[in-house]
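# Descriptive analysis of the structure
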Amino acid sequence: MNRKLIAAATAAVTAAGLTIAVALTTSATAANTADPAVLAAMARDLGISSEQARERLDAEKVAGQTDAALKSRLGTAYAGSWLDGTGHTLTVAVTDPALASAVRSRGAVATTAKHSASALDSAKIKLDAKATTAPDAVPGWYVDVRTNKVVVLARAGGEEQAKAWTAEAGLGGDIVAFEASTENPKPLIDIVGGNAYGLPGGGRCSIGFAVEGGFVTAGHCGSTGGRTSNPGGTIQGSSFPGNDYAWVRTDAGNTPRALVNRYPGTVPVAGSQEAPVGASVCRSGSTTGWRCGTIQQKNASVTYPEGTITGLTRTNACAEPGDSGGSWLTGDQAQGVTSGGSGNCQTGGTIYFQPLTEILQVYNLRLVTTVGPTTTTQPTGTTTTTTTPPGGGGSWAPYTNYGDGAQVTYGGASYRIIQPHTSVPGWEPPNTPALWQRL
């Protein structure tokens with residue numbers, strides 16, 4: 001919207017309209033610098049054009065400024081505000097009708113309400129204080145400024161439980177309303193190595209690496225069938241003692257990422273090439289963050305109070321309780337998950353990790369990496385990939401040198417190599433990636 005149109009819109013506003021358009025001139029420049037990706041996403045998801053998205057951002061910025069000013073001006077008479085479906089008209093509720101003119105003077109629509117915003121918030125605080133005793137039939141509650149009430153959600157058949165719980169919290173009268181709900185809320189989390197997750201029965205461990213469908217971690221963190229939290233999931237397999245590994249299938253909505261938390265920042269996971277003795281290695285965990293050392297020995301056995309673990313890798317990198325299950329990397333190559341050891345990160349120590357390769361093989365898992373098949377359609381209609389297509393059983397294996405004409409499978413599809421790597425894959429990426437044809 002150009003400045004002439006803005007001026008025209010401003011002049012056309014009447015006492016009945018009173019939309020946020022009256023103040024568009026104050027933020028048009030900000031919208032013009034909006035990220036194109038943001039505008040595209042708004043257009044896609046809100047069903048509007050990119051230009052309408054720009055105008056909406058303008059109006060919403062002005063609305064925020066107007067609301068802040070009115071909230072300060074109205075004090076305890078302020079009862080909340082909201083934008084209409086277009087994002088252009090701001091309504092501000094007041095408990096004192098005499099203050100409606102102050103709202104209109106700022107270009108907003110005024111309405112009266114019984115309960116102030118502070119009264120609504122105070123009522124909700126009473127429910128928050130009783131959150132641990134909320135019945136399963138109540139998935140949530142919130143302040144609804146449009147209806148001027150605190151709304152308590154209740155699943156089918158659970159309204160009486162919701163009312164009883166609300167009464168126990170000291171909340172009643174016309175400030176509360178109950179709404180039928182089918183919500184089953186749960187956190188949606190990016191699965192990133194080194195992040196904390198909740199254990200069955202309490203406590204925490206750290207995520208090792210994201211795999212397709214979930215993540216791997218230490219076996220001593222939980223038994224098969226146990227439930228994890230943040231991210232929520234079910235332990236599909238766990239071995240401890242003897243081994244110290246487990247894998248968790250996470251609930252729908254949690255997204256495995258080819259990343260490890262570096263505290264701060266993240267590092268990518270490109271593969272799982274095993275590093276030799278003497279190589280540097282860094283680990284990530286939710287207690288002590290990012291710590292590094294070197295690989296001292298492999299195929300080590302260590303005896304914990306619960307029993308002996310074999311086949312571990314021994315290092316001089318430190319770790320502490322809560323880091324268990326966390327990621328070990330050399331460069332961008334995944335090495336294993338934290339098992340245990342001795343010492344701490346103040347005085348140093350000896351820490352062991354469970355090699356990742358065994359975990360992937362035992363549970364037939366596929367590591368989530370930054371390297372994945374990127375397909376392009378050729379004139380002949382065939383599909384090729386310029387990265388090696390990872391495969392399931394009897395198919396492609398990482399860091400294997402395939403010759404011309406070799407065939408593998410990936411995700412149920414068959415591929416034939418039509419251009420091998422120009423160098424043998426190893427610790428460093430090849431000079432030229434292989435070219436595969438989908439059959």
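Computed from a predicted model, the values in this text were never measured in an experiment. (Residues numbered from 1 in each chain as written. Predicted model: local features only at pLDDT ≥ 70, side-chain atom pairs only at ≥ 80, totals over all residues. Heavy atoms only, no water.)

Across the sheet, which stays open at both edges, the three strands sit in the order E4-E5-E6 with mixed pairing between neighbours. The open sheet has two free edges, formed respectively by strand E4 (141-144) and strand E6 (176-180), since each of these has just one partner strand. In this sheet, adjacent strand axes meet at a mean angle of 30° when their direction is disregarded. Inspection of the sheet shows E4 paired to strand E5 (residues 149-154) by four bridges, in the antiparallel sense. (Pairing = 2+ DSSP bridges. Helix = DSSP H or I, 4+ residues; strand = E, 2+ residues; numbered from the N terminus. Axes fitted to C-alpha atoms, helices over the stretch in contact; angles between N-to-C directions.)

Next up on the list: the pairing of strand E14 (residues 245-250). Extensive coverage of E14 is indicated by the burial of five of its six residues. Judged from the four bridges that link them, strand E11 (residues 214-217) and E14 form a sheet pairing that is antiparallel. The residue of E14 that forms the bridge with Thr-217 is Ala-246. Sheet topology note: the strand E13 (residues 233-239)/E14 ladder contains six bridges and is antiparallel. Bridge pairing in E14 links Gly-237 to Trp-247. Connecting E13 to the antiparallel partner E14 that follows it, the hairpin turn spans five residues, and Gly-242 within it adopts a positive phi of roughly 90°. (Buried < 20%, exposed > 50% of the residue type's maximum accessible area, 1.4 Å probe, protein only.)

Right, let's get into helix H4 (residues 50-74). With 25 residues, H4 extends 35 Å from end C-alpha to end C-alpha; this agrees with the ideal 36 Å at 1.5 Å per step. Turning to H4, its buried residues number three or more, namely Ala-53, Glu-55, Arg-56, Asp-58, Ala-59, Val-62, Ala-63, Thr-66, Asp-67, Leu-70 and Leu-74. Following H4 by one or two positions, Gly-75 adopts a phi angle in the positive range, close to 60°. (Expected span 1.5 Å × (residues − 1).)

What follows is about the environment of Leu-57. Inspection of the secondary structure puts Leu-57 in helix H4. We classify Leu-57 as partly exposed; its relative accessible area is 26%. For the pair Leu-57 and His-88, spaced 31 residues apart in sequence, the C-alpha to C-alpha distance is 9.2 Å. When near neighbours in sequence (up to four residues on either side) are disregarded, Leu-57 contacts Ala-34, Leu-39 and Met-42. (Contact = heavy atoms within 4.5 Å.)

Turning our eyes to something else, we now look at the pairing of strand E18 (residues 289-304). By the bridge criterion, six bridges tie strand E17 (residues 280-285) to E18 in an arrangement that is antiparallel. Directly across from Gly-285, in E18, lies its bridge partner Gly-289. A loop of three residues connects E17 with E18, the two strands running antiparallel in sequence. Both E18 and strand E19 (residues 307-315) contribute to a ladder of six bridges, which runs antiparallel. Looking across to E19, one finds that Gln-297 is bridged to Arg-314. Where E18 folds back onto E19 in an antiparallel hairpin, the turn is made up of two residues.

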